[in-house]
Amino acid sequence: MHDAPGGSRLRELEERARRAEARLARTEMICRLGTWEWEIGEGRITCSDEAFRIFGHDPQSFEVKPRAYLKLLEPEDRHSMTSLLRTAIDECEGFEFEHEIARGTEKEPLVVFGRVGVEQDDGRVTALYGAIEDVTQRAMSIRSRRRLAQERTAMAEARNSERRARIIANASSILDESLDYAETLKNLAHLVVPDLADFCFIDMLEPEGHLRSIEAAHADPRVGNEARALRLQYPPDPKSSSPLAEALRTGEPILLREVDQEILRKSSRDEEQLEQIQQLGIGSAMILPLVARGQVLGEITFAVGGSERRYDERDLRFAEELARRAALAVDNALLYVAAQTANKAKSDFLTVMSHELRTPLNAVVGYATLLEEQETGDLAEHQRICVNRIRTSAQHLLQLIEEILDYSKLDIGAERVEVQEEMDLVELAREAASLLEAVASAKGLALNLVLPEDPLVLSTDPRKVRQILLNLLGNAVKFTESGYVELRLQPSAERITFEVEDTGVGIAVEDRERIFSPFHRGIERPGVRRPGTGLGLAVADRLTALMGGELSVRSVLGEGTTFTVALPYPPGQ
């Protein structure tokens, strides 16, 4: 019995279809590509075996419904996928997607990439179909590369931050080590080359309005010399239209990511300068005005050339910090010079005035002495008292003038330690106390001396030691109304200690730092004016420091005060 011709043809077609399906299945498996179809009207989804394998779910147990698939997604991806499906149905348009889904019991999520097409009838979508691909390994590889790139970037940023922190620390050290701002700025320029810049130009704005070149640094000394020579030949013009002039006018930094031909032409006075600037090969630059207390003092320019490197906003922020510190250092140096100039002018004035004042005062003292000693004739008792007061007042005025002169010399650093031949400090202490003995006796105060029995001989500056003791003893007598003033000398192996103790008014805790300030006149009482300039303790403190010693105080308000002068023994060690 033979098959009918139609049956044989049918079996052949069925076999071909089976083989085609098998080939498709193998192709899907090899390509790791699954297919699916969603018949919208029937609500039925058909998936290929490879699609189930990709999902990691059993076809017999997994509910093949849109909502079941959407449950596998993360909330954010679920919302996105729902929106894409709705748009595809409404607008008859396919789409692509990529997201993670849960894969059976495996912990590692599945990353799938898919394409969705639409089937329509009379403008209405009847089915969606598509293909999905397992791109987990590729995504992991991309993530690994991305993570590696991020790690490399983070390491580069860390190295960059470390390098910049080192530059900031070194720059701060350089800027703090000297008040010669020109020298420190030169050192700063060479510090930043080549870490931050290939070129570093620094210019200061002079009072006349022109720029004075401080430095033009480059890693290659030859190129640096050429840049320096060019800067001297063609100093930047603050009145030009160049970016540098604009930064000086506005006080704002300028970032030139690309230094193009137009910028170079604006920065050049003629074709010769333009050609020389072009030869430097500057590709990117930052111009930072040096601003302190609202005033533009100069500018610093960082530039790179001969490479693909270009400055960005982070570089500008870092450069601004360097410029801020540099401007502060320059301003401090200028203030110091101004203060020194003012101090010298003040000292010169006081010196001249003191000489002018001392000449007539010496005459007053001399003639008063002659009258008091009755060299010009006998004086009545009331006349002798008046002459004595004239001489005493004139001598007091001379003492005040000497005190002001001493402080003025110390203030400008003109005073020097002058070590003389060996002398007896015990005798020097007795001599200083004897000069205050009459004043203490007039106030009814006991002036006690606690000194070594044997001489204490050493080489020192006797004038300064005597001045320190006179100032301390005079202060003690001035502020003591009853009791005593005591001078003690205590030598040891490393230092010599003078102590001046009194039973006077004492010093409040909050005043103990201020008493060594110039012109501080101690405790003022209503209706009581203390004589003197308020310089005695300030002079004693500075003279002690000049000799390498230390002046300290301890006091109880209302009970008394003790000043201690500790001088190195031998002096200067």
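Cut-off values and rules
- Residues numbered from 1 in each chain as written.
- Predicted model: local features only at pLDDT ≥ 70, side-chain atom pairs only at ≥ 80, totals over all residues.
- Heavy atoms only, no water.
- Helix = DSSP H or I, 4+ residues; strand = E, 2+ residues; numbered from the N terminus.
- Contact = heavy atoms within 4.5 Å.
- 1 Å grid on protein atoms, 1.4 Å probe; cavity = no way out; pocket = protein on both sides within 12 Å on 5 of 7 lines; lining within 4 Å.
- Points joined across faces, edges and corners; volume = space filled by probe spheres on them.
- Nonpolar A, V, L, I, M, F, W, Y, C, P; charged D, E, K, R; others polar.
- Pairing = 2+ DSSP bridges.
- Axes fitted to C-alpha atoms, helices over the stretch in contact; angles between N-to-C directions.
- Buried < 20%, exposed > 50% of the residue type's maximum accessible area, 1.4 Å probe, protein only.
- Patch = residues over 30% accessible without salt bridge, like charges linked within 9 Å, V, L, I, M, F, W, Y side chains within 5 Å.
- Areas by Shrake-Rupley, 256 points an atom, 1.4 Å probe, with all protein chains shown as cover.
- Salt bridge = Lys/Arg side-chain N within 4 Å of Asp/Glu carboxyl O.
- Core = buried A, V, L, I, M, F, W, Y, C linked by side-chain atoms within 4.5 Å.
- Phe/Tyr/Trp six-rings, centres within 6.5 Å; stacked < 30°, edge-to-face > 60°.
- Left-handed = near helix turned anticlockwise from the far one by under 90°.
- pLDDT = per-residue confidence, 0-100.
- Polar contact = N/O pair within 3.5 Å; in protein donor to acceptor, adjacent residues only side chain to side chain.

Visitor: Summarise the environment of Ser-213; cite the residues concerned and give the values.
Guide: With respect to the helices, strands and loops of the structure, Ser-213 is situated in strand S7 (residues 211–218). Spatially, the C-alpha atoms of Ser-213 and Pro-236 are 8.7 Å apart, while their sequence positions differ by 23 residues. For Ser-213, the residues in contact, after removing those within four places along its chain, are Ile-202, Asp-203, Arg-231 and Leu-232.

Visitor: Quick one: what's the story with the layout of surface pockets, residue by residue and with numbers?
Guide: Computed from the structure, the second largest pocket encloses a volume of approximately 500 Å³. Along the wall of the second largest pocket there are 28 residues; nearest its centre are Arg-231, Pro-236, Leu-244, Ser-267 and Ile-277. Where the lining of the second largest pocket is concerned, the elements lending two or more residues are helix H7 (221–233), helix H8 (243–250), helix H9 (261–266), helix H10 (271–280), strand S9 (282–292) and strand S10 (295–305). Here the residues of the lining of the second largest pocket are counted per class, giving 18 nonpolar, 6 polar and 4 charged.

Visitor: How would you sum up the sheet that holds strand S6 (residues 199–205)? Please name residues and give values.
Guide: Strand order across the open sheet formed by 5 strands is S7-S6-S10-S9-S8, with antiparallel pairing between neighbours. The sheet is open, and its two edges are formed by S7 and strand S8 (254–256), each paired on a single side. With strand direction ignored, the average angle separating the axes of adjacent strands in the sheet is 15°. Contacting S7, S8, S9 and S10, H8 crosses the sheet at an angle of about 150° to S10.

Visitor: I'd like a description of the pairing of strand S14 (residues 484–491), backed by residues and values.
Guide: Pairing between strand S12 (residues 446–450) and S14: 5 bridges, direction parallel. Pairing of Asn-448 across the sheet is with Glu-486, part of S14. Alignment of S14 against strand S15 (residues 495–502), held across 7 bridges, turns out to be antiparallel. Paired with Gln-490 across the two strands is Thr-497, which belongs to S15. Where S14 folds back on S15, the antiparallel hairpin that results is connected by 3 residues.

Visitor: Lay out unusual backbone geometry with the relevant residues and their values.
Guide: Cis peptide bonds are those with omega within 30 degrees of zero, and the linkage from Val-193 to Pro-194 qualifies with 5°. Structurally, the position occupied by Pro-194 is in the loop between helix H6 (181–192) and S6. The phi torsion at Arg-293 lies on the positive side, around 50°, for a residue other than glycine. Along the polypeptide, Arg-293 turns up in the loop between S9 and S10. The class for Arg-293 is exposed, based on a relative accessible area of 64%.

Visitor: Explain a nonpolar patch on the surface to me, and be specific about the residues and the numbers.
Guide: On the surface, Leu-179, Tyr-336 and Val-337 cluster together into a nonpolar patch covering about 270 Å² of accessible area. Mapped onto the fold, Val-337 is located in helix H11 (residues 313–372). Residue Val-337 is classed as partly exposed on the basis of its relative accessible area, which comes to 47%.

Visitor: Go over the nonpolar core, please, and point to the residues and values.
Guide: Leu-185, Leu-188, Val-192, Ile-300, Phe-302 and Leu-322 are the most contacted members of the largest nonpolar core, which totals 40 residues. Every element with two or more residues in this core is listed here: helix H5 (136–176), H6, S6, S7, S9, S10 and H11. Here this core takes 10 residues from H11, the largest share from any one element. If near-sequence neighbours (up to four positions away) are discounted, Leu-322 is found in contact with Ile-167, Ile-168, Ala-171, Val-192, Leu-196 and Phe-302. In terms of nonpolar packing, the next biggest core, distinct from the first, is built from 39 residues, Ala-429, Leu-445, Leu-458 and Ala-540 among them.

Visitor: Which residues make up the packing of aromatic side chains, and what values do they have?
Guide: Summed over all chains, the structure comprises 2 aromatic pairs. When the ring of Phe-95 is compared with that of Phe-97, the centres are 6.2 Å apart and the planes differ by 50°; the resulting orientation is tilted. The pair Phe-95 / Phe-97 is uniform in exposure class, with both members buried.

Visitor: Any chance you could break down the sheet that holds S12 for me, citing the residues and the numbers?
Guide: Sheet architecture is open: 5 strands sit in the order S12-S14-S15-S17-S16, paired in mixed fashion. The sheet is open, and its two edges are formed by S12 and strand S16 (550–556), each paired on a single side. Between one strand axis and the next, the sheet turns through 15° on average, direction left out of account.

Visitor: Outline the environment of Leu-322, supporting the account with residue identities and numerical values.
Guide: With respect to the helices and strands, Leu-322 occurs in helix H11. Leu-322 gets classed as buried once you look at its relative accessible area, which sits at 2%. Residues Leu-322 and Ser-172, 150 residues apart in the sequence, show an inter-C-alpha distance of 8.7 Å.

Visitor: Give me the packing of helix H13 (residues 425–442) against helix H14 (residues 462–478): which residues, what numbers.
Guide: Where H13 contacts H14, the axes come no closer than 9 Å and their chain directions differ by 35°. The hand of the H13/H14 crossing is right-handed. Taken together, the residues of H14 that come into contact with H13 (itself represented by Leu-425, Leu-428, Ala-429, Glu-431, Ala-432, Ala-433, Leu-435, Leu-436, Val-439 and Ala-440) are Pro-462, Val-465, Arg-466, Leu-469, Leu-470, Leu-473, Gly-474 and Val-477. Broken down by class, the residue content of the contact of H13 with H14 amounts to 15 nonpolar, 1 polar and 2 charged.

Visitor: Outline the confidence of the model for the protein chain, listing residues and values.
Guide: For the protein chain, the average pLDDT comes to 82, and 86% of its residues sit at 70 or higher. No element of the protein chain has a lower mean pLDDT than helix H1 (residues 5–31), which averages 69, and none a higher one than S8, which averages 95.

Visitor: How would you explain the side chain of Glu-215 if you had to name every residue and give the values?
Guide: Inspection of the secondary structure assignment puts Glu-215 in strand S7. Here Glu-215 falls in the buried class, since its relative accessible area comes to 8%. Only 2.9 Å separates the side chain of Glu-215 from the side chain of His-190, close enough to count as a polar contact. Looking at Glu-215, its side chain comes within polar contact range of the side chain of Arg-228, at 2.8 Å. Every residue in contact with Glu-215, bar those within four places of it in the chain, is listed here: Lys-186, Ala-189, His-190, Cys-200, Phe-201, Ile-202 and Arg-228.

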